[in-house]
Amino acid sequence: MHSTTETEDAFDPYADRLREECGVFGIFGHPDAAALTALGLHALQHRGQEAAGIVSFDGARFQSERRLGLVGDAFSEASVIEKLQGSQAIGHVRYSTTGETILRNVQPLFAELHGGGFAVAHNGNLTNGLTLRRNLVRDGAIYQSTSDTEVLLHLVARSRKPRFIERFVEAIRQIEGAYAFVGLTNKKLIGARDPLGIRPLVLGELDGCPILASETCALDIIGAKFVREVENGEVVVISESGIESHKPFPPMRERPCIFEYIYFARPDSIVKGRSIYERRKAMGVQLALEAPAHADVIVPVPDSGVPAALGFAQASGIPFELGIIRNHYVGRTFIEPTQKVRELGVKLKHSANRSVVEGKSIVLVDDSIVRGTTSLKIVKMMREAGAKEVHFRISAPPINHPDYYGIDTPDREKLLAATHSLEEMSRFVGADSLAFLSVDGLYRAMGHERRDGVCPQYADHCFTGDYPTSLTDASGTIARRTISPTREAG
């Protein structure tokens, strides 16, 4: 998977964060399919801000519009939506976990196959994608992107099964890792979720038309009704005949990514019947019980730390205050060439609210520490604003291991918690004290007594090192440099 490099970190003041994965959306049988898809992608923008794309089908031909940048920049004009004719459409918002952010990697990807066109959008990461790619290229496959999603197109194309859905199933049986696929043919809308359900996918309905989306917030924005979650290992086939459900994998206990609850999903989304907002508040409550602090105010690191900070404040009885104000209008492209301005990067996004923190002992609440560089700058900003003491509390366990399922994390040696003790981490960020939520505390916040060590309820490998699937590419000798570096002119 793609990892943030030291060069990127030097130029990007926001590199020290977990990067969102991607978001997918699809609708079948609605006259405003493309417009509704664009709205759905707006609601999923938090899952990827680097590129967006929509493919529609009008009964005769496919239309594709793929752009770098935000959904609002790409699909706000009526003229763009009018090009995407048809009552079936799928869409994608991207953060690149595999492959550069160049136009040929922007999804949905499309290919003309035997039997007709096939477009596909993917949230997740295939842990044997490079291995499959090497084998396919050796056998004569010609790749047009560096995205692991293209593997699926080639596997479907090479299948000799008579029906498309059989070819699709044969393809996904060969892949490993995490995925939520949304695909579009000239007759069908297809949704598929990996056997463990690591990546999310829900089924909704609007005016009798079925919808697939990464999160329920994408249904809410268009007034659609939530029907159910696509089950782990399920393939949903939507056509004019209705909805078919296929279960091509042996039954397995679901193990969704715990980071959906901690970080990725929008706070107003519902996952497995649980409010994301309420779960994050519960993590803050549990954190206050495990790691109390004597302080005057609780200050969230916006926006990610706000729900947990509210829970911490309610459990501790310490007032909640907005001691940091976030500037929502700073784009990641605002990078000046001088080192001095780069060092001010964190202040472009966050500003201290001096009236709240000056002369006070504060508890800073955030949801994660990755490299620690941003945390260091925020603690320093609080001290410069006059904070008397700064106690740092993290509403998740320490991130000790990289992710290979669609979350962009640095290599293990660049994760602060993997290379430093708790005391060393506290000194590094400059806090008076530092504490993380325990793994069992996280599970209690999720409504469980404790983590099931034999069969864990969630994919929590970033904390525990317990990876839920085989890591073929990571454990083998396949290197990403086997993909030829190219750059698009323009």
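Residues numbered from 1 in each chain as written. Predicted model: local features only at pLDDT ≥ 70, side-chain atom pairs only at ≥ 80, totals over all residues. Heavy atoms only, no water.

### Quick look at the side chain of Ser-239
The residue Ser-239 is located in strand E12 (residues 235–239) in this model. For Ser-239, the residues in contact, after removing those within four places along its chain, are Phe-28, Lys-187 and Lys-188. (Helix = DSSP H or I, 4+ residues; strand = E, 2+ residues; numbered from the N terminus. Contact = heavy atoms within 4.5 Å.)

### Quick look at the nonpolar core
One finds Ile-258, Phe-259 and Ile-262 to be the most contacted residues of the largest nonpolar core, which totals 44 residues. Going through the elements one at a time, helix H9 (259–264), helix H10 (276–290), helix H11 (306–316), strand E19 (361–366), helix H18 (439–445) and helix H19 (461–464) are the ones with two or more residues in this core. Sorting elements by how many residues they give to this core places H9 first, with five residues. Those residues in contact with Ile-258 that lie beyond four places of it in its chain are Leu-442, Met-446, Tyr-458, Ala-459, Asp-460 and Phe-463. (Core = buried A, V, L, I, M, F, W, Y, C linked by side-chain atoms within 4.5 Å. Buried < 20%, exposed > 50% of the residue type's maximum accessible area, 1.4 Å probe, protein only.)

### Things to note about helix H7 (residues 164–172)
Of all nine residues in H7, seven are buried; the element is thus mostly enclosed. Residues of H7 that are buried: Phe-164, Ile-165, Arg-167, Phe-168, Val-169, Ala-171 and Ile-172.

### Focus on the pairing of strand E4 (residues 88–94)
Successive residues of a regular strand alternate their side chains across the two faces of the sheet. Burial within E4 is extensive, with seven of its seven residues counted as buried. The two faces of E4 match: Gln-88, Ile-90, His-92 and Arg-94 on one face and Ala-89, Gly-91 and Val-93 on the other face are all buried. Relative to E4, strand E1 (residues 22–28) is paired through seven bridges, and the arrangement is antiparallel. Note that in E4 the partner of Gly-26 across the bridge is Ile-90. Here seven bridges tie strand E2 (residues 51–57) to E4, and the two strands are oriented antiparallel to one another. (Pairing = 2+ DSSP bridges.)

### Examining the sheet that holds E2
Reading across from one edge, E3-E2-E4-E1-E10-E9-E11 is the order of the seven strands in this open sheet, with antiparallel pairing throughout. This sheet does not close on itself; its edge strands, each paired only once, are strand E3 (62–68) and strand E11 (225–229). Adjacent strand axes in the sheet meet at a mean angle of 15°, parallel and antiparallel pairs treated alike. Where helix H2 (residues 33–43) meets the sheet, it contacts E1, E2, E4 and strand E9 (202–206), and its direction lies at approximately 25° from that of E4. (Axes fitted to C-alpha atoms, helices over the stretch in contact; angles between N-to-C directions.)

### Some remarks on unusual backbone geometry
A cis amide bond links Gln-107 to the next residue, Pro-108, at an omega of 5°. With respect to the helices, strands and loops of the structure, Pro-108 is situated in the loop between E4 and strand E5 (109–113). Going from Pro-302 to Asp-303, the amide bond is cis rather than trans, its omega being -10°. The residue Asp-303 is located in the loop between strand E16 (297–300) and H11 in this model. In this model, Asp-207 sits at a positive phi of 55°, which is unusual for a non-glycine residue. Take Asp-207: it is sitting in the loop between E9 and strand E10 (209–213). Backbone geometry at Lys-272 places phi at a positive 55°, although glycine is not the residue there. We classify Lys-272 as partly exposed; its relative accessible area is 43%.

### Some points on the environment of Ser-241
Secondary-structure assignment places Ser-241 in the loop between E12 and strand E13 (242–246). Since its relative accessible area comes to 75%, Ser-241 is described here as exposed. Placed 53 residues apart in sequence, Ser-241 and Lys-188 show a C-alpha to C-alpha distance of 9.7 Å.

### Considerations on the packing of aromatic side chains
Following the criterion strictly, the structure yields eleven aromatic pairs and no others. A centroid spacing of 4.9 Å and a plane angle of 65° characterise the contact between Phe-118 and Phe-164, whose relative ring orientation is edge-to-face. Of the two residues, Phe-118 sits in strand E6 (residues 116–126) while Phe-164 sits in helix H7, which places them 46 residues apart along the sequence. By relative accessible area, which is 0% here, Phe-118 ends up buried. (Phe/Tyr/Trp six-rings, centres within 6.5 Å; stacked < 30°, edge-to-face > 60°.)

### Regarding the confidence of the model for the chain
The predicted model of the chain has a mean per-residue pLDDT of 90, with 88% of residues at 70 or higher. Counting interchain partners and residues more than four positions distant, the pLDDT-below-50 stretch residues 1–14 has 50 contacts. (pLDDT = per-residue confidence, 0-100.)

### Structural notes on the sheet that holds strand E20 (residues 389–394)
One open sheet accounts for four strands, arranged E16-E19-E20-E21; its pairing is parallel. Where the open sheet ends on each side, the last strands, each with one partner, are E16 and strand E21 (433–436). Ignoring strand direction, the axes of neighbouring strands in this sheet form an average angle of 20°. Against the sheet, helix H17 (residues 422–429) contacts E20 and E21, and its axis sits at roughly 125° relative to E21.

### Digging into the environment of Ser-316
Here Ser-316 shows up in helix H11. For the pair Ser-316 and Ala-295, spaced 21 residues apart in sequence, the C-alpha to C-alpha distance is 9.8 Å. Within the local environment of Ser-316, its side chain forms a polar contact with the backbone oxygen of Phe-312, the two atoms lying 2.8 Å apart. (Polar contact = N/O pair within 3.5 Å; in protein donor to acceptor, adjacent residues only side chain to side chain.)

### A closer look at the pattern of salt bridges
Scanning the model with the defined rule gives 21 salt bridges in all. We note a salt bridge from Arg-47 to Glu-215, for which the minimum N-O separation is 2.7 Å. Of this pair, Arg-47 sits in the loop between H2 and E2 while Glu-215 sits in the loop between E10 and helix H8 (217–220); the two residues are 168 residues apart in sequence, bridging distant segments of the chain. No difference in accessibility class separates Arg-47 from Glu-215, as the two residues are buried. A salt bridge links Arg-451 to Asp-466; its shortest N-O distance comes to 3.0 Å. With a gap of 15 residues between them, Arg-451 in the loop between H18 and H19 and Asp-466 in the loop between H19 and helix H20 (472–475) connect regions that are remote in the sequence. When its relative accessible area of 26% is taken as the criterion, Asp-466 is described as partly exposed. The network of salt bridges with shared partners includes Arg-47, Arg-199, Glu-215 and Glu-260. (Salt bridge = Lys/Arg side-chain N within 4 Å of Asp/Glu carboxyl O.)

### Describing H17
Buried within H17 we find Met-425, Ser-426 and Val-429. When H17 is viewed along its axis, its buried side chains cluster within an angular range of 100° and face the same direction. Away from its buried face by more than 90 degrees, H17 exposes Glu-423 and Arg-427. Where H17 is buried, its residues touch helix H15 (373–384), E20, helix H16 (416–419) and E21. Positive backbone phi, approximately 85°, marks Gly-430, located one or two places after H17. (Arc of directions from axis to C-beta.)

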